Amino acid sequence: MAEDSDLERTEEPSARRLEEARNKGQIPRSHELTTFATLMAGLLMLFMQGPALYQTLATITRKAFTFNRTQLNDTQIMLELFVSMLQTSLLALIPVLTATALAAILAPMMIGGWLFTFESLAFNFGRMNPVSGIGRMLSVRSVVEMIKTILKSALIGGVATFVLWKEKDQFIALVSMPPDTGFLYLWEMIRFTLLSVVGAMAAIVLIDVPFQLWDYYKGLRMTKEEVRQESKESEGDPQVKGRIRQLQREAARKRMMAEIPKADVIVTNPTHYAVALRYTENMRAPQVVAKGAFLLAERIIELGREHKVAVVRTPPFARALYHHAELGSEIPASLYTAAAEVLAYIYQLRLYHRYGGTEPQLNDTLPVPSELDPESGNG
């Protein structure tokens, strides 16, 4: 059962999956939205250019039905007249054609965005396979698209038929109307019919756009195994990442150990914690060059003694440094006084070993704030 669930496409597509599909030219598209936008743009331009189009149409009609015997007998003149009327018609329709062309280009971008790729144009032998073609024709998607086309045609055709049937008497009466009056009335009928058709198309778009988005993302859903595999590919194999982190820790530890011989003092707990400090005149405060707990602490102490670095037992100070001082950084300001006493003791101890005299003693109770010591000074 677990294996079956891993093979079911229940997971939402990842950003990488969506990007790959987009690069292949697979983006959500709604043909109904494009058709609606094109019709709407054309209708708006017709409304805006209505008077100018009417004047152009009236002029063309008068020219078409006004001719003399000379023109009738000369085919060249008739041809020139036809070309002239065609040019006039095209010039008048340029705004409408431009608006519809822009709508046809911009409408798909509303849900799929801009996409320019040659991937869909690449030659694919699979598209030439007749078995695959028949399978696509009989697929659920094809059946759904066929039902949509039938319903769309029925709805739009029904609306247009209803409007025209309602105005049939006036439509027949156009024959007996004067040309100017007839054109105006015909224009009103066309405008009302187009508005009705566009309204029907709007209802279809409101259903089709959400369906196309749902269907697109559903088709790109992933199985749990695909999600895990993609995670490995994008983020790296956990075992490899673990090995890389281990190598990084080992390299950092080697760098830390290399700094121990440069330390001035190693403060200990005595064996639970060990922190190596270094201080020069150019530093504002002592710096932590190494720190560790348990086995690592023992190794720090051992390496320090090999290089004759002073090892001092200061349990509260060592604990506070281990928990609150970052490796490679200066110690907290609240530990400056304690660090100063320890460094002063180391300086006096060096003088004692070099010149003799009274052996210095380190204060047993260094000024370490209780809130920095996890054990509140009980070492």
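Fair warning: this is a prediction, and the values are worked out from it, not measured in the lab.

Asks: Explain the overall build of the protein chain here, please?
Replies: Of the regular secondary structure elements, the protein chain holds 15 helices and four strands. Put simply, the protein chain has 379 residues, and 30% of those count as buried. Here the contacts in the protein chain between residues at least 6 apart in sequence split such that 74% fall between residues at least 24 apart. For the protein chain, the computed accessible surface area is about 24900 Å², with 61% contributed by carbon and sulfur atoms.

Asks: What should I look at first to understand unusual backbone geometry in this one?
Replies: Note: most peptide bonds trans; most residues except glycine with negative phi. A positive phi is found at F294, a non-glycine position, where the angle reads about 55°. In this structure, F294 sits in the loop between β3 (287–293) and α13 (295–306).

Asks: Could you clarify how one ought to interpret α13 in this entry?
Replies: Two residues of an α-helix separated by three or four positions point the same way, owing to the 3.6 residues in each turn. Taking 1.5 Å of rise per residue, the twelve residues of α13 would be expected to cover 16 Å, and the 17 Å separating its terminal C-alpha atoms lies within 8% of that figure. Looking at α13, one finds that the buried residues are A297, I300, I301, L303 and G304. All buried residues of α13 fall inside an arc of 165° around its axis, so they share one side. Exposed and facing more than 90 degrees away from the buried side of α13 are L295 and R305. Positioned one or two residues after α13, K308 has a phi angle of 60°, which is positive.

Asks: Where do I start with the packing of aromatic side chains in this structure?
Replies: The description of two aromatic rings rests on the distance between their centres and on the angle between their planes. A complete count under the given rule lists three aromatic pairs for this structure. With 6.1 Å between their ring centres and 35° between their planes, F211 and W214 make a pair best called tilted. Of this pair, F211 and W214 both sit in helix α10 (residues 179–219), three residues apart, which is roughly one turn of that helix. Exposure remark for F211: the relative accessible area of 30% places this residue in the partly exposed category.

Asks: Is there a simple way to think about the pattern of salt bridges in this case?
Replies: As a working rule, side chains carrying opposite charge can pair if their charged atoms are close by. Under the counting rule described, the total for this entry stands at nine salt bridges. Ionic pairing is found between R221 and E12, a salt bridge with its closest N-O pair at 3.9 Å. In this pair, R221 sits in the loop between α10 and α11 (224–235) while E12 sits in the loop between α1 (2–7) and α2 (15–23), placing the two residues 209 residues apart along the sequence. According to the relative accessible area criterion, R221 is partly exposed, its value standing at 25%. Under the relative-accessibility criterion, E12 is labelled exposed at 52%. Each of E259, K262 and R278 takes part in salt bridges that share partners, so that together they form one network.

Asks: Is there a simple way to explain the environment of A103 in this structure?
Replies: Inspection of the secondary structure assignment puts A103 in helix α5 (residues 75–106). Using a relative accessible area of 13% as the deciding quantity, one classes A103 as buried.

Asks: Would you mind showing me how to read the pairing of strand β2 (residues 273–278) here?
Replies: The side chains of a regular strand alternate between both faces of the sheet. Burial within β2 is extensive, with six of its six residues counted as buried. Where burial is concerned, the two faces of β2 agree: the one with Y273, V275 and L277 and the one with A274, A276 and R278 are both buried. Here strand β1 (residues 265–268) pairs with β2 via four bridges, running antiparallel. Considered in β2, the bridge of T268 is made with A274. Where β1 folds back onto β2 in an antiparallel hairpin, the turn is made up of four residues.

Asks: Sorry, what's going on with the pairing of β3 here?
Replies: Within β3, six of the seven residues are buried, leaving the element largely enclosed by the surrounding structure. For β2 and β3, the ladder comprises six bridges, and the chain directions are antiparallel. From the neighbouring strand, Y273 faces β3, where its bridge partner is A293.

Asks: Help me out: how do you make sense of the sheet that holds β3 in this one?
Replies: By way of backbone hydrogen bonds, the strands of a sheet pair with one another, either parallel or antiparallel. With mixed pairing, the four strands of this open sheet are ordered in space as β3-β2-β1-β4. Pairing within the sheet leaves two strands with one partner each, and these edge strands are β3 and β4 (310–313). Recorded for the sheet is a direction-independent mean angle of 20° between the axes of neighbouring strands. Sheet topology note: the β1/β4 ladder contains four bridges and is parallel. In the strand pairing of β4, V267 is matched with V312. Along the sheet, helix α15 (residues 336–355) contacts β1 and β4; its crossing angle with β1, the most-contacted strand, is approximately 125°.

Asks: Teacher, can you tell me more about the side chain of T314 here?
Replies: Inspection of the secondary structure puts T314 in the loop between β4 and α14 (315–324). Sequence-distant contacts of T314, defined by excluding residues within four places in its chain, comprise V267, T268, L362 and L366.

Asks: Any chance you could explain the nonpolar core here in plain terms?
Replies: Considering soluble globular proteins, one finds that nonpolar side chains tend to be buried as a cluster. Membership of the largest hydrophobic core comes to 24 residues, with the highest contact counts inside it found for V265, V267, L277, F317, L321 and L335. Those elements giving two or more residues to this core turn out to be β1, β2, α14 and α15. Counting residues per element, this core draws most heavily on α15, which supplies seven residues. Excluding anything up to four places from it in sequence, L277 contacts A263, D264, V265, Q287, V288, V289, F317, L321 and I331. Counting residues in each nonpolar core, the second largest holds 14 residues, with I266, A274, I301 and L303 among its members.

The rules we used
- Residues numbered from 1 in each chain as written.
- Predicted model: local features only at pLDDT ≥ 70, side-chain atom pairs only at ≥ 80, totals over all residues.
- Heavy atoms only, no water.
- Helix = DSSP H or I, 4+ residues; strand = E, 2+ residues; numbered from the N terminus.
- Buried < 20%, exposed > 50% of the residue type's maximum accessible area, 1.4 Å probe, protein only.
- Contact = heavy atoms within 4.5 Å.
- Areas by Shrake-Rupley, 256 points an atom, 1.4 Å probe, with all protein chains shown as cover.
- Expected span 1.5 Å × (residues − 1).
- Arc of directions from axis to C-beta.
- Phe/Tyr/Trp six-rings, centres within 6.5 Å; stacked < 30°, edge-to-face > 60°.
- Salt bridge = Lys/Arg side-chain N within 4 Å of Asp/Glu carboxyl O.
- Pairing = 2+ DSSP bridges.
- Axes fitted to C-alpha atoms, helices over the stretch in contact; angles between N-to-C directions.
- Core = buried A, V, L, I, M, F, W, Y, C linked by side-chain atoms within 4.5 Å.

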